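Survey of secondary and tertiary structure
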Amino acid sequence: ADDQAETVLHHFLRGSGPKGLAGIAPRTAECIWPLLGVSRGDIIAWAKEHHTTWREDASNATMAYTRNKLRHEVIPQLEQHAPGLAERLAGLAPVYQETADLVKRHTQQALHNYLLHEAGITSLDLADFNQYPYPRLLIAEWLMPFGFAFAQADELLALTASQSGARVESATHTLWKDRDRLCLEPRKASADTEESIARETHRFEHFPISCEAMPRNQWVLSTSPECGQFDLDTLRFPLTARYWREGDRIRPLGMDGSQLVSYSLSLRKVPVFMKPSVVVVEMNSQIIWVAGHRIAEQCKVTPATQTIWQMTIE
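Summary of the structure given here. (Residues numbered from 1 in each chain as written. Predicted model: local features only at pLDDT ≥ 70, side-chain atom pairs only at ≥ 80, totals over all residues. Heavy atoms only, no water.)

Okay, the overall build of the protein chain next. Looking only at helices and strands, one finds 9 helices and 15 strands in the protein chain. Projected onto the principal axes, the alpha-carbon positions of the protein chain cover approximately 85 × 45 × 35 Å. Taking all 314 residues of the protein chain together, the buried fraction comes to 39%. A fraction of 62% describes how many contacts in the protein chain between residues 6 or more apart in sequence connect residues 24 or more apart. With an accessible surface of roughly 18100 Å², the protein chain has 53% of that area assigned to carbon and sulfur atoms. (Helix = DSSP H or I, 4+ residues; strand = E, 2+ residues; numbered from the N terminus. Buried < 20%, exposed > 50% of the residue type's maximum accessible area, 1.4 Å probe, protein only. Contact = heavy atoms within 4.5 Å. Areas by Shrake-Rupley, 256 points an atom, 1.4 Å probe, with all protein chains shown as cover.)

Running from N to C, helix 5 (residues 85-114) and helix 7 (residues 135-143) cross one another at 80 degrees; their axes reach a closest spacing of 9 Å. Classified by the angle between their axes, helix 5 and helix 7 sit roughly perpendicular to one another. Here helix 5 contributes Val103, Lys104, Thr107, Gln108, Ala110, Leu111 and Tyr114 to the contact with helix 7, which in turn contributes Leu137, Leu138, Glu141 and Trp142. (Axes fitted to C-alpha atoms, helices over the stretch in contact; angles between N-to-C directions. Parallel < 35°, antiparallel > 145°, perpendicular 65-115°, else oblique.)

It is worth spelling out the side chain of Glu282 at this point. Within the fold, Glu282 resides in strand 12 (residues 279-283). At 3.3 Å, the side chain of Glu282 forms a polar contact with the side chain of Arg242. Each residue touching Glu282, except ones within four places of it in the same chain, is listed here: Pro238, Leu239, Thr240, Arg242, Ile287 and Ile288. (Polar contact = N/O pair within 3.5 Å; in protein donor to acceptor, adjacent residues only side chain to side chain.)

Structure, rendered in structure tokens:
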């Protein structure tokens, strides 16, 4: 129970939301905490009464950790002014756990209805979002798994009223405003990053694209724009992925001539702030896929195709 109190207070000081204030769950996929409701003092008293030895982890004594400062300094001082504080903090955890479960159930249904996933970018329509009665909870539940903190809820909400192009970044993701929506994507590699893969490679390391070869009899036609399917016999490895550049051209499926990638993206009404994130895959300096948008005519699957090479935006 003392561990629970320390966890709740620690998360409170970090600005956590209901999930953090719920502290340690009594059961997770890896652990069961059978003594979560019993204080350290009661456990030690029982052990002494029954002549049972226990092991004390040496790290519990060091003040290098925030948890230990709370344990040895902060909570004892607070207890002087509010006796029973640790017990009350531990008792709040189950209440916040139920609160967190309720919030998650309510917001996940809304996010399922509001979010659009396209070409590696997730977007939230602000017209839908503005109708939701609990905007802070919704935006926090959406973004906390991507490195944003509950304490940033007001900063993230302010983005909805900002000009297009305004952005907030976490360690792993970027959230930005694009006219009537918020867009989320992984923080990308530098604009000049290029990566080549061999036929035996199953995914690019710096770009969210997985690869798979499959025989014709196991192949299912995909209509998803996030999936590109090619005749493996027409490909020459290595294949190279990079961000598109001005002047790039592709011969789109069904066309005799080539087309500027920039023009192709405009035809597909790709928002201006999404364009820098578009990835192309090329072989021998020829673009065969504008990921999520166009496949090259010269590598298309035909009735004579024996093996399909499939690339999918993760």
